Amino acid sequence: MSGPLPEISAEQRKTLEQFRKVMSAELNETHDDYFLLRWLRARKWNMDAAEKMLKACLKTRAMWNVDNIEKWDAPQALREYLPYGIMGYDKEGSPVIVCPFYNFDMWGMMHCVTRFEFQKYLVLLLERFMKIAYEQSLQHGWKARQLVVFFDCEGMNLKQFAWRPAAECVISSVKQYEANFPELLKSCYIINAPKLFSVAFNIVKKFLDENTTSKIHIYKSGSDKWQQQLFSHVDPQKFPKCWGGQLVDKLGDPQCKSLMIWGGKLPEELYIDQSSQQSDKNFTEAQVPKGDKLKLNFKVNGQLEQQLLSWNFRTHDYDIKFGIYSVDEQTGEKRSEVPLGTVYSNEMDEAGFISTRPNTTYTVVFDNSASYMRSKRLRYWVDLISDEEEGITELTTQLDNTQIVAQQ
């Protein structure tokens, strides 16, 4: 597969060719030169850093099962209430993504889906956008492979994003984006930013590359200065009239609601009672004593069938630390698979999975050792499952890029 490529120097071309050779075992026919170029540019042409970043991404893509993600039956709440729409293309052919962000019910969404589902759906959307951008680039050139994104935050209630599960979900999603979709953003316009938006953005900005933040333009509520900049490369005839363009939908609606998912308050009938929901999984009730840990061991033998280590748990009253490490049975090497950290599973279910390696023992840790006053009541399900059980049929080769930790 080949695609449009920006002009690069002879030295950079040589680095690109070397990078392809280094990564050859992990690449497939969809990984063209522009794909590889994104990682080199994200790491300022440091090939070792780009290799590390790309290998980490390929492992994450395997976890999300990106090659088959369109087969996933995403929750109704995400499909019908996450606001966005593709409003044509800019003058270089790039897709223009419009989001009436103020109409996003984050509180309701976090009561309808898990953080894992939310992030997986964002990956699905980004993959769709990139596919459209690639098709555009065949006609318009490589610049069409980036995205123009427009957020309207008018009257947005920032209080719901200060709720810990929501804040964690946003920060985690930003980290996922930055690590796995480098050089995708062409420009981002955030308009009608509320007064406290700068405080929130300064927190999020810590997790963004400076090249990404340089492409984000923020305008306070009531300002229309963004229009001149946006419409210098986006045709106003193809942009919704409610935001200064000329486009209305077939119903004459200046908000073009029939052309996008508008969002809105999630109906409570879609809420999931995560503390007592029925499941086909056999949950275990346990108590982790104060100052102690609960450890669960899972041994993956040398079978050919790919297995996943999957988990779903909730604490009844308080947070708890959670992490996973592994030990290679042949070399004795110990690795951190999920870094130990505090999760607020008393507010929302914590769910996820990692792909495993053969001849390796995985230890799941629920850590209450820092608490000297309280035991923690825990309801959990953790198990090794086959990829067929999870609906995953094509996992890419496992990459040994998890952090090596000292023997204990």
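Just above sits the structure.
All values derive from a computational prediction rather than experimental measurement. (Residues numbered from 1 in each chain as written. Predicted model: local features only at pLDDT ≥ 70, side-chain atom pairs only at ≥ 80, totals over all residues. Heavy atoms only, no water.)

1. Points about the packing of aromatic side chains
Counted only if it meets this: Centres within 6.5 Å are what make two rings of Phe, Tyr or Trp a pair, Trp counting through its six-membered ring; a difference in plane orientation under 30 degrees is then read as stacked, over 60 as edge-to-face, and the rest as tilted. Numbering of helices and strands runs from the N terminus, with a helix taken as a DSSP run of H or I at least four residues long and a strand as a DSSP run of E at least two residues long. Relative accessibility thresholds used throughout: buried, under 20% of the residue-type maximum; exposed, over 50%; partly exposed, between the two (1.4 Å probe, protein chains only).
Enumeration according to the criterion identifies 26 aromatic pairs in this entry. Both rings, one in tryptophan 107 and one in tryptophan 163, keep their centres 4.3 Å apart while their planes meet at 40 degrees; by these two values the pair is tilted. Highlighted residues: tryptophan 107 in helix H5 (residues 106-110) and tryptophan 163 in the loop between helix H7 (159-162) and helix H8 (164-180), separated in sequence by 56 residues. The interplanar angle of 65 degrees and the centroid separation of 5.6 Å between the aromatic rings of phenylalanine 150 and tryptophan 243 together place this pair among those described as edge-to-face. Linking phenylalanine 150 in strand S3 (residues 147-152) with tryptophan 243 in the loop between helix H11 (226-230) and strand S6 (284-288), this pair joins segments that are 93 residues apart in sequence. We note that phenylalanine 150, like tryptophan 243, is buried. Every member of this aromatic cluster is reached through a ring pair, and the members are Phe150, Trp226, Phe231, Phe239, Trp243 and Trp262.

2. Regarding the pattern of salt bridges
Heads up, the rule is: Any Lys or Arg side-chain nitrogen located within 4 Å of an Asp or Glu carboxyl oxygen qualifies as a salt bridge.
Evaluation of the coordinates by the stated rule reveals 17 salt bridges. A salt bridge links aspartate 33 to arginine 13; the nearest nitrogen and oxygen atoms lie 3.3 Å apart. Note that aspartate 33 is positioned in helix H2 (residues 33-42) and arginine 13 in helix H1 (residues 10-22), a separation of 20 residues in sequence. For aspartate 33, a relative accessible area of 25% gives the class partly exposed. Its relative accessible area of 30% is what places arginine 13 among the partly exposed residues. Across the pair glutamate 51 and lysine 55 runs a salt bridge whose closest N-O atoms are separated by 3.1 Å.

3. Section: the side chain of threonine 315
As a reminder of what qualifies: Here a polar contact is taken to be a pair of N or O atoms separated by no more than 3.5 Å, where protein atoms must pair a possible hydrogen donor with a possible acceptor and residues adjacent in sequence count only if both atoms sit in side chains. Should any heavy atoms of two residues lie within 4.5 Å, those residues are considered in contact.
Among the structural elements, threonine 315 can be located in strand S8 (residues 307-315). A polar atom in the side chain of threonine 315 sits 2.6 Å from the backbone oxygen of tyrosine 318. Only 2.8 Å separates the side chain of threonine 315 from the side chain of serine 345, close enough to count as a polar contact. If sequence neighbours within four positions are ignored, threonine 315 has contacts with Ile320, Ser345, Asn346, Arg377 and Leu378.

4. Focus on the environment of threonine 361
Along the polypeptide, threonine 361 turns up in strand S12 (residues 360-367). Between the C-alpha atoms of threonine 361 and tryptophan 243, which are 118 residues apart in sequence, the distance is 55 Å. Threonine 361 has contacts with Asn297, Phe298, Lys299, Tyr325, Ser326, Val327 and Glu329, leaving out every residue within four places of it along the chain. Polar side-chain contacts of threonine 361 include one of 2.2 Å to the side chain of glutamate 329.

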